Amino acid sequence: MAKVYAMIADGTEEVECLAVVDILRRSGIETVLVSVSGTKNVVSSHNVKMEADAIVEETDFSDGDVIFLPGGMPGAEHLSVCKPLIDALAKADADGRRIAAICAAPGVVLGRHGFLKGRTGTCFPGFEKEFVGGEYTRQGVVTDGNVTTARGLGFAIDLGIELVRLLVGEDAAEEVKGKIQYC
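Rules behind the numbers
Residues numbered from 1 in each chain as written. Predicted model: local features only at pLDDT ≥ 70, side-chain atom pairs only at ≥ 80, totals over all residues. Heavy atoms only, no water. Axes fitted to C-alpha atoms, helices over the stretch in contact; angles between N-to-C directions. Helix = DSSP H or I, 4+ residues; strand = E, 2+ residues; numbered from the N terminus. Left-handed = near helix turned anticlockwise from the far one by under 90°. Contact = heavy atoms within 4.5 Å. Core = buried A, V, L, I, M, F, W, Y, C linked by side-chain atoms within 4.5 Å. Buried < 20%, exposed > 50% of the residue type's maximum accessible area, 1.4 Å probe, protein only. Polar contact = N/O pair within 3.5 Å; in protein donor to acceptor, adjacent residues only side chain to side chain. Pairing = 2+ DSSP bridges. Expected span 1.5 Å × (residues − 1). Arc of directions from axis to C-beta.

Caption draft 1: Seen up close, the packing of helix H1 (residues 14-26) against helix H5 (residues 156-168). Between H1 and H5, the shortest axis-to-axis distance is 8 Å and the interhelical angle comes to 35°. By crossing handedness, the relation of H1 to H5 is classed as right-handed. Across from Val 15, Glu 16, Ala 19, Val 20, Ile 23 and Leu 24 in H1, the residues of H5 making contact are Ala 156, Ile 157, Leu 159, Gly 160, Ile 161, Leu 163 and Val 164.

Caption draft 2: Expanded view of the nonpolar core. Met 7, Ile 67, Leu 69, Leu 85, Leu 89 and Leu 110 are the most contacted members of the largest nonpolar core, which totals 32 residues. Elements that contribute at least two residues to this core include exactly strand E1 (3-8), strand E2 (30-35), strand E6 (66-69), helix H2 (75-80), helix H3 (83-94), strand E7 (98-102) and helix H4 (105-111). Residues Ala 6, Ala 52, Val 66 and Leu 159 belong to the second largest nonpolar core, which totals 29 residues.

Caption draft 3: Spatial organisation of the environment of Asp 63. Tracing the backbone shows Asp 63 in the loop between strand E5 (54-55) and E6. Along the primary structure Asp 63 and Val 4 are separated by 59 residues, whereas in three dimensions their C-alpha atoms are 9.0 Å apart. The residues touching Asp 63, leaving out its near neighbours within four places in the chain, are Lys 3 and Tyr 5. There is a polar contact of 2.8 Å between the side chain of Asp 63 and the side chain of Lys 3.

Caption draft 4: Spatial organisation of the sheet that holds E1. Read across the sheet, 7 strands follow the order E5-E2-E1-E6-E7-E11-E10 without closing on themselves; strand pairing throughout is mixed. One side of each edge strand has no neighbouring strand; the edge strands of this open sheet are E5 and strand E10 (141-144). For E6 and E7, the ladder comprises 4 bridges, and the chain directions are parallel. Of the residues in E7, the one forming a bridge with Val 66 is Arg 98. Sitting on the sheet, H1 is in contact with E1, E2, E6 and E7, with an inclination near 155° to E2. Contacting E1, E6 and E7, H3 crosses the sheet at an angle of about 135° to E6.

Caption draft 5: Spotlight on H3. Between the first and last C-alpha of H3 there are 16 Å, a value that for 12 residues agrees with the 16 Å anticipated at 1.5 Å per step. Every buried residue of H3 is accounted for by Leu 85, Ile 86, Ala 88, Leu 89 and Ala 92. For H3, the arc enclosing every buried residue in end-on projection is 160°, short of the 170-degree limit, so these residues lie on one face. Away from its buried face, by an angle of more than 90 degrees, H3 presents the exposed residues Lys 83 and Ala 94.

Rendered as structure tokens:
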């Protein structure tokens, strides 16, 4: 079974995170919410209280197929300064495992730390200035190699479906689209 680690922090955009997590879980993909805030209790960018399954310092990411980064501010900034997360992303990238990010996170986390170098990606407009060595496109969802990025909240369902397609196949992606009445 595929496994995804979905990262959260105080200030994470809750719908970007939970829409993707919902799509993954509906598809039978094990999805673990991991907090970088030092506690399992996180307050989102719109003051929604969320509870993580784990804390980053206690998480071994080596069995994960994807590390997913939602956006939101200052959530993306909190993800960007989390050394255990950046180390896990570097290891996943070196191993060819998938990394996914949406909204501010492609720029603030992936771009700033060089994970988009030589790749094309997308993000919420304005954060592309952080794409160190990467190419920005305004597409909604972009997969380039092992990195998948999405522009913003309006593309959260599309990102979830793309990750399902990449992890368990086109049939599973079509099945979940039917379950949620996605046209």
